[in-house]
Structure formats: C-alpha cells, structure tokens
Amino acid sequence: MTTISDWRSARVVSNEPACEDMISLLLEPEELLPHRAGQHYELRLPGDGLSRKYSIVSPPERDSPLEFGVQLLPTGLVSPRLAATRPGDRVEIRGPLGEAFVWTPASGRSLILLGGGAGITPLLSIYEHFRRSVPRGREIFIMSAKTPQRIYRYERYRDRLTTRFTSSDPRLDKDDLVAITGDLLHDSEASAWICGPPGFIDLMVDNLIELDFPEMRIRSEAFV
Amino acid sequence: MFLKISEIVVYPVKSLAGNHHSEAEIVATGFRDDRGWMIVDEQGVFITQRQHPSMSLIHTEVLERALQLTLPGLQPVEIPTLDEGPGPRVEVWEQPCEAVDQGARAAELLSEYLGRPCRLVRMSSAFRRQIKAKYHNGDDASLGFSDSMPFLLTSQASLDDLNGRLTEPIEMDRFRPNLVVSGGAAFQEDGWKRIRIGETRFCVAKSCVRCEITTVDQSTGIKGIEPLETLGTYRAGPKGVLFGRHLVHEGRGTIRLGDPVEVLE
C-alpha cells in the first residue's frame, strides 16, 4: 500500500507563470492520498536525488490535479528544473507531509492569515478550505509582498486580500495590524496562521503576542 | 491560591545535570554560576544534550576556586577555575561570546566521555552577554551561556496536568527550570507579565519553546518521544510546543524555597 513516505510518479497537467517569481504547477499523482489544508509535498525530478518541499495550494476539497506554487530561485537546483517541465512530463512526489501547520474546522470559526511573499501558498489552501467548511465564518487574509507582481496569481485573488506592498506602503506594524484586523484580535474563535520568510514570521509573532493575541492560537511556517 | 517557590535549580555547566538549592543569589547574569561554563567543539560551538543525551549524567559542583566534575563511574575531579587566559571564540546559537579555556584536564575527560574532541570554557568575567532590549526594562540584566534568557520558571500544577495525560509520568528535571512554582492552576503562568518572588521583581519575557532535550530521561540519559508528542496535542505555539516561561530579573536579591510568588501584572 502506498504511504505518505513513498515516492510516486505524478504527471504534469500544466505549468504556468503565476507571478514574477513563481510558477503554478498542476500535478496529477498516480495514487492519491487525501491532504489537509496547510500541508506540503516533497517534489523531485525523476532520477534525481535532490528534492524540495512545496506547499499545496489546492484545498482538501480539490485533490486532483494538485496545485503547487513554486518559487523560482535562479541559482536553485530544483525550482528551475520544475519550471522547465511541460504538460505530460513526469515528476516524483512524496506526501502529503507536515502536521504542525494544519488548519481544520476544529481550529475555530474565525481566521487571521498573514503571508509574506511566496508564503501565500499554504494560506490559499487554508483560506479556501475555511470558506467551504465554516458557514458565516469571519476571516482576514493579509499579504505582504514587495510589489503586486510578487503575489501568486494576484489578479485572481486580489479581492480577497488585504495587501501591504513593502516597496511603497508603510511597514506592517502593530498599529496597522490592529487597524486591519479590528475585533478579530479579541475573537476567542480566532487563530492566526503566518507563513513567509523567517524575519517576517518573527515580526508578526511578536506583534500578535504584544497585542495580547493568545500565543497558543498562533501557527507559523517558515519559507527559507 | 497561594503561589510559592518549590524548587531552585542552578546549572553551572550548560546541558549537564543541575543542582538543587534551598536558596540562591541573583547576580547580573541570573543565579550566580548558572550556565557560567559550557562545553564546546573544536570550532567553539556549544555542545548540548541535543547531540549527546548522556551529558545529563555528568554532575557538577561549584567549589571555592574550582569546578568539580563527576562523570558516571569515575571519581570526582576538580578543575581549577581559570578567569584569565587564552580566549577561544565561542558561540551559543551563533551568538559570539568571550570565554576562557579551562585547561587540558577537563578537555581530556569530556572528550573521552563524549567520544569527540571538546573543551570546557567559562564565560569571561569582563564579558556581558546582552539580552534583547525588547525583553527587559533597560537595566543591566545579562545572561550566561543559557540559550536566550537568564531564568526559566515552570509550574508544578502544569507538570501535574501534563503527567495526567502521559502513560508514564515524567520528572520536572526534563524541563531544566531554574525556578518551580507550586500552587494555583495549570498553565496560569501563560498570562503573567510581571511577578515578584520574595523581594525581587521579574519581567515575564516570553514562553519557552521546548526542544528535544525534554525527551531525555535526565536520570538515565536515554531519549524517547515524550513529552513532546503529548505537548504537541495541546500546547502548540507559533514555533513549537510551549512549557514554562522565561524571566528577566529587574534587580538583585536572594530567592529562597517557600518564597511567595506574587503576580503583579
């Protein structure tokens, strides 16, 4: 029986640019294992021992094809090769993995999402799953990125996002967080999910704790 | 309910066994001699139970001008304390510190025990390891070779709660606290911001994110999976599971067993 730790083959369904530095990769795995919102897979090219972790963009309700957001690192050893794949090509995947950044309806009826740059990817899965599983839930989805061109499929998601662009807007600080989130900060059902570069996470975690948001309702996942 | 101090523990050498005291003096760096020494590899990087769980079996005692090391199965050895001398560049979590090498005898003993070349160092008396400014009130508190904060406080009620969820209860020593508070409700320390213990005030700076050292049975040096697995089910925070709170002292004083703990804020 296939388990989450077995490598298996997946077919590239499509591969498109999603913003300046990311591609959207749709994969159809040979054997499908259910995933939860916030999880990731390891991806590698066939015959190559080198793998990287990529968050699943699709919510659990949409499990085939699986959507991944891949940030292109010009000097990277895996992302340029994933970017060069074409529909019909095969890649290898292992997962779904990760237990610490999984949102489920038991996490509460209110949601604060805080993303930095490429850190948007698992938050999109959480956001869609939240919207489908919590009727009349309350949520806020905050994205910080250098420019709009650095946000994954910005045109598609812009209406759902509250954005702060570091190239032109003031820094996302405590006052700004209070202004954006309002009484969600004091909502006992709210949990906060932060994903992005380590420096972004440190700042946002510190901000939330200083605003007396309960530490045990904060989760973070670092994109290094 | 009445809160009081039920354990006082000082760890002279980072990651070795701790010593219980009935009272302990607070100096600039926290409890006197707490994490005043540490073991480093050839590059000067700290070595802990994360790599060598059996370090928990090494006992120490601070003597007048020496540190006594007792390794399992061996007679105690006195290592004369050197306050001046060659200062290797050492680091704790990539933070450079000035230190004095404590000589060949300690290095030989510890290298033999751990099976890798290492040295014992003591923090230079002239060196002040700063605490991040956001965690204290601008007085002169600093710290020894501890990970990031001068004090760790844990709660007996919180341990009792955890033990109620574990198949095999564990001892408090896995959490390596300096201070244990008894009385009150489990995890009420989560909400504390400032406290007074006896005559000394403390800023409650942050929660402690627990590492794999808590999975080492301190009396056998054997590593398992608990309590991290169970803590993960109900004590997960932004960067890992939380148990205990870090304190920064806002003055000097002496803490004694039974001292009342007053929550100021």
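Keep in mind that what you see is a predicted model, and the values were worked out from it rather than measured.

Definitions and limits used
- Residues numbered from 1 in each chain as written.
- Chains lettered and ligands numbered in written order.
- Predicted model: local features only at pLDDT ≥ 70, side-chain atom pairs only at ≥ 80, totals over all residues.
- Heavy atoms only, no water.
- 1 Å grid on protein atoms, 1.4 Å probe; cavity = no way out; pocket = protein on both sides within 12 Å on 5 of 7 lines; lining within 4 Å.
- Points joined across faces, edges and corners; volume = space filled by probe spheres on them.
- Helix = DSSP H or I, 4+ residues; strand = E, 2+ residues; numbered from the N terminus.
- Nonpolar A, V, L, I, M, F, W, Y, C, P; charged D, E, K, R; others polar.
- Pairing = 2+ DSSP bridges.
- Contact = heavy atoms within 4.5 Å.
- Buried area = accessible area lost by both parts, 1.4 Å probe.
- Salt bridge = Lys/Arg side-chain N within 4 Å of Asp/Glu carboxyl O.
- Polar contact = N/O pair within 3.5 Å; in protein donor to acceptor, adjacent residues only side chain to side chain.
- Domains from an automatic or database assignment.
- Axes fitted to C-alpha atoms, helices over the stretch in contact; angles between N-to-C directions.

### Comments concerning the layout of surface pockets
Any space left empty among the atoms is revealed by the rolling of a water-sized probe across them.
Residue and element names in this part refer to chain A.
Working step 1: Quantified by volume, the second largest pocket comes out at close to 900 Å³.
Working step 2: If you go around the second largest pocket, you meet 40 residues; those closest to its centre are Gln71, Ala118, Gly119, Phe223 and Val224.
Working step 3: If you list the elements that add at least two residues to the lining of the second largest pocket, you get β4 (52-55), β5 (66-71), β8 (138-145), β9 (162-165), α5 (198-210) and β11 (218-222).
Working step 4: Its residues assigned to classes, the lining of the second largest pocket comprises 18 nonpolar, 13 polar and nine charged.

### Focus: the sheet that holds strand β3 (residues 23-27) of chain B
Residues and elements named next belong to chain B.
Working step 1: One open sheet holds the three strands; their spatial order is β4-β3-β22, and the pairing between them is antiparallel. Among the strands making up the open sheet, the edge pair consists of β4 (30-31) and β22 (253-256).
Working step 2: As paired strands, β3 and β4 are joined by two bridges and run antiparallel to one another. When the sheet's bridge partners are listed, Ile26 is paired in β4 with Phe31.

### Section: the interface of chain B and chain A
Working step 1: The interface of chain B with chain A comprises twelve residues on the first partner and ten residues on the second.
Working step 2: Carbon and sulfur atoms supply 45% of the area buried between chain B and chain A, which totals about 890 Å² over both sides.
Working step 3: Three residues stand out in chain B for area buried against chain A, namely Ala236, Pro238 and Lys239 of chain B, and they jointly supply 54% of the buried area on that side.
Working step 4: One can count three salt bridges joining chain B with chain A.
Working step 5: Here Lys239 of chain B and Asp202 of chain A are joined by a salt bridge, their closest N and O atoms 2.5 Å apart.
Working step 6: At the junction of chain B with chain A, the criterion picks out five residue pairs in polar contact (both at pLDDT 80 or more).
Working step 7: Contributions of two or more residues to the side of chain B that touches chain A are made by β20 (236-237) and β21 (240-249) of chain B.
Working step 8: Considering only residue class, the side of chain B that touches chain A consists of four nonpolar, two polar and six charged.

### Focus on the domain arrangement of chain B
Residue and element names in this part refer to chain B.
Working step 1: Segmentation of chain B into domains returns domain 1 (4-11 + 18-31 + 140-263) and domain 2 (37-130).
Working step 2: For domain 1 and domain 2, the distance between their C-alpha centres works out to 23 Å.
Working step 3: Counting every contact that joins domain 1 to domain 2 gives one salt bridge.
Working step 4: With a shortest N-O distance of 3.1 Å, Asp147 and Arg50 are connected by a salt bridge.
Working step 5: Taken together, the connections running from domain 1 to domain 2 amount to nine residue pairs in polar contact (both at pLDDT 80 or more).

### With respect to the sheet that holds strand β5 (residues 37-40) of chain B
Residues and elements named next belong to chain B.
Working step 1: Strand order across the open sheet formed by four strands is β5-β11-β10-β9, with antiparallel pairing between neighbours. A strand with exactly one partner marks an edge of an open sheet, and here the two such strands are β5 and β9 (89-92). Neighbour to neighbour, the strand axes of the sheet diverge by 55 degrees on average, direction disregarded.
Working step 2: Pairing geometry for strand β10 (residues 95-101) and strand β11 (residues 119-123), over three bridges, is antiparallel. Residue Val100 lies in a different strand from β11, and its bridge partner there is Arg122.
Working step 3: Running over the sheet, helix α1 (residues 104-114) touches β5 and β11 and is turned about 125 degrees from β11.

### Regarding the pairing of β10 of chain B
All names here are of chain B.
Working step 1: One ladder, built from four bridges, connects β9 with β10; its direction is antiparallel. Within the sheet, the bridge partner assigned to Arg89 lies in β10 and is Glu98.
Working step 2: In textbook terms, the turn of a hairpin is the stretch between consecutive antiparallel strands, and for β9 and β10 this stretch comprises two residues, one of which, Trp93, has a positive phi near 45 degrees.

### What about the pattern of salt bridges?
Working step 1: According to the stated counting rule, one finds 35 salt bridges over all chains in the structure shown.
Working step 2: When salt bridges with common partners are traced through the structure, they connect Arg62, Glu67, Glu128, Arg132 and Arg153 of chain A into a single cluster.

### Here's the deal with the domain arrangement of chain A
Note: interface size is frequently given as the accessible area lost on complex formation between the parts.
Residue and element names in this part refer to chain A.
Working step 1: When its domains are assigned, chain A resolves into domain 1 (8-97) and domain 2 (105-222).
Working step 2: Each of domain 1 and domain 2 has a C-alpha centre, and the two are 24 Å apart.
Working step 3: In this assembly, 22 residues from domain 1 lie in contact with 16 residues from domain 2.
Working step 4: Taking both partners together, domain 1 and domain 2 bury about 1700 Å²; carbon and sulfur atoms supply 53% of that area.
Working step 5: When the area that domain 1 buries against domain 2 is broken down by residue, the three leading residues are Glu20, Val57 and Glu61, summing to 27%.
Working step 6: Linking domain 1 to domain 2 there are three salt bridges.
Working step 7: Remark: the boundary between domain 1 and domain 2 carries ten residue pairs in polar contact (both at pLDDT 80 or more).
Working step 8: For the side of domain 1 that touches domain 2, the secondary structure elements donating two or more residues are β1 (8-19), β2 (22-29) and β5.
Working step 9: In terms of residues, the side of domain 1 that touches domain 2 owes the most to one element, β5, which gives four residues.
Working step 10: Across the side of domain 1 that touches domain 2, the residue classes tally to ten nonpolar, seven polar and five charged.

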